[in-house]
Amino acid sequence: MSHTLGARQAQKLKTRQALLDAALALLEEQSLSSLGLREVTRAAGVAPTAFYRHFGSTADLGVALVEEALGSLHPMIRTTVATADDSEERITRAVDLIARHVAEYPAHVRFIARERHGGVQPVREEIREQLTRFAREVRDELAEDAAAAGWSGDDLLMLAHLYVDQMLITASLFLEALDAPEAERERVTRLATRQLRLISVGRRHWLD
């Protein structure tokens, strides 16, 4: 009996992931608000009725995609910004990490960039909530460093949000340049490096 239940659960998870993967692929060319349920189930190779065993609506599917997409972005954001080291080497590593992440997860980055200000309210709210949580985690890590002495909690949270937003902006720029000539990717790299350097300068002199 337990083996049968395990097999059913595995098949259920497989179908759910197939729906998520199909939706993510379709969303490369359109927004979530225009995505149809039958379009998703057709691409996933399942009956339309199977959709409702996993999601109540396409908005619910979109929220699940947010969790998946930001799950891949989360480690990158924390690794990139949750450090007091503002050296040129650290900034260079950070920009390179973002570029590599975009190359590995372009569909995730495109989905978040498009739907962050898109037409599906539950998805916008989920993105905002998760990014706020990321910023609070970064703030808490920044607060542990001696360089944060004298900073208020509100100012540290402002800095954390600034870093998180900059990571998403940089990821979007690299996404746009993904198939562009090398010269364009180098331009994005230089711009992202200068922007992070500007934040770092402001961070060092905030209490002056």
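Data block above holds the structure.
Note that this is a predicted model, so its numbers are computed, not measured.

Reading the values: rules and limits
- Residues numbered from 1 in each chain as written.
- Predicted model: local features only at pLDDT ≥ 70, side-chain atom pairs only at ≥ 80, totals over all residues.
- Heavy atoms only, no water.
- Helix = DSSP H or I, 4+ residues; strand = E, 2+ residues; numbered from the N terminus.
- Buried < 20%, exposed > 50% of the residue type's maximum accessible area, 1.4 Å probe, protein only.
- Contact = heavy atoms within 4.5 Å.
- Areas by Shrake-Rupley, 256 points an atom, 1.4 Å probe, with all protein chains shown as cover.
- Lys, Arg positive; Asp, Glu negative; His and termini not counted.
- Charge placed at Lys NZ, Arg CZ, Asp CG, Glu CD.
- Axes fitted to C-alpha atoms, helices over the stretch in contact; angles between N-to-C directions.
- Parallel < 35°, antiparallel > 145°, perpendicular 65-115°, else oblique.
- Left-handed = near helix turned anticlockwise from the far one by under 90°.
- Nonpolar A, V, L, I, M, F, W, Y, C, P; charged D, E, K, R; others polar.
- Polar contact = N/O pair within 3.5 Å; in protein donor to acceptor, adjacent residues only side chain to side chain.
- Phe/Tyr/Trp six-rings, centres within 6.5 Å; stacked < 30°, edge-to-face > 60°.
- Salt bridge = Lys/Arg side-chain N within 4 Å of Asp/Glu carboxyl O.

*Asks:* Could you clarify how one ought to interpret the overall build of the protein in this entry?
*Replies:* Along the protein, the regular secondary structure elements total nine helices and zero strands. Listed by position from the N terminus, the elements making up the protein come as α-α-α-α-α-α-α-α-α. Overall size of the protein, expressed as C-alpha extent along the three principal axes, is 65 × 45 × 35 Å. A total of 208 residues make up the protein; the buried ones form 41% of that total. Taking as baseline every contact in the protein between residues at least 6 positions apart, the subset at least 24 positions apart corresponds to 68%. Carbon and sulfur atoms form 52% of the exposed surface of the protein, whose accessible area is close to 11,300 Å². Charge separation in the protein, taken as the distance between the mean sites of 26 positive and 31 negative side-chain charges, equals 5 Å.

*Asks:* When you look at the packing of helix 6 (residues 106-115) against helix 8 (residues 153-176) in this model, what are you seeing that I'm missing?
*Replies:* How two helices sit against one another is set out by the angle between their axes and by the gap between those axes. It is at 10 Å that the axes of helix 6 and helix 8 come closest, and there the two elements cross at 120 degrees. Classed by the angle they form, the pair helix 6 and helix 8 counts as oblique. For the crossing formed where helix 6 meets helix 8, the hand is left-handed. For the pair helix 6 and helix 8, contact is made by P106, V109, R110 and A113 and by A171, S172 and L175, respectively. Partitioning the contact of helix 6 with helix 8 into residue classes produces five nonpolar, one polar and one charged.

*Asks:* How should the environment of D140 be read in this particular structure?
*Replies:* Here D140 is to be found in helix 7 (residues 121-143). Spatially, the C-alpha atoms of D140 and L207 are 19 Å apart, while their sequence positions differ by 67 residues. A polar contact is formed between the side chain of D140 and the side chain of R139, at a distance of 3.1 Å.

*Asks:* What's the story with the packing of aromatic side chains in this structure? I'm lost.
*Replies:* Two aromatic rings are characterised by how far apart their centres lie and by the angle between their planes. This structure, assessed with the given rule, holds three aromatic pairs. With centroids separated by 5.5 Å and ring planes inclined at 80 degrees, the aromatic side chains of F51 and Y52 adopt a geometry described as edge-to-face. Of the residues examined, F51 reaches a relative accessible area of 0% and is grouped as buried. By relative accessible area, which is 53% here, Y52 ends up exposed. Both rings, one in F51 and one in F55, keep their centres 5.7 Å apart while their planes meet at 50 degrees; by these two values the pair is tilted. You'll find F51 and F55 in the same group, each marked buried.

*Asks:* What is the right way to look at the pattern of salt bridges in this model?
*Replies:* It is possible for side chains bearing opposite charge to pair when their charged atoms get close. Throughout the structure, instances matching the rule amount to nine salt bridges. Here D96 ties to R100 by a salt bridge, and the two come within 2.9 Å at their closest N and O atoms. Taken together, the residues D96 and R100, both in helix 5 (residues 88-104) and four residues apart, mark about one turn of the helix. Classification of D96 as partly exposed rests on a relative accessible area of 40%. Note that R133 and E137 form a salt bridge whose closest N and O atoms lie 3.3 Å from each other. With R133 and E137 both in helix 7, this residue pair falls four residues apart, about one helical turn. When its relative accessible area of 37% is taken as the criterion, R133 is described as partly exposed.

So far we have only geometry, and geometry alone does not tell us how the molecule works.
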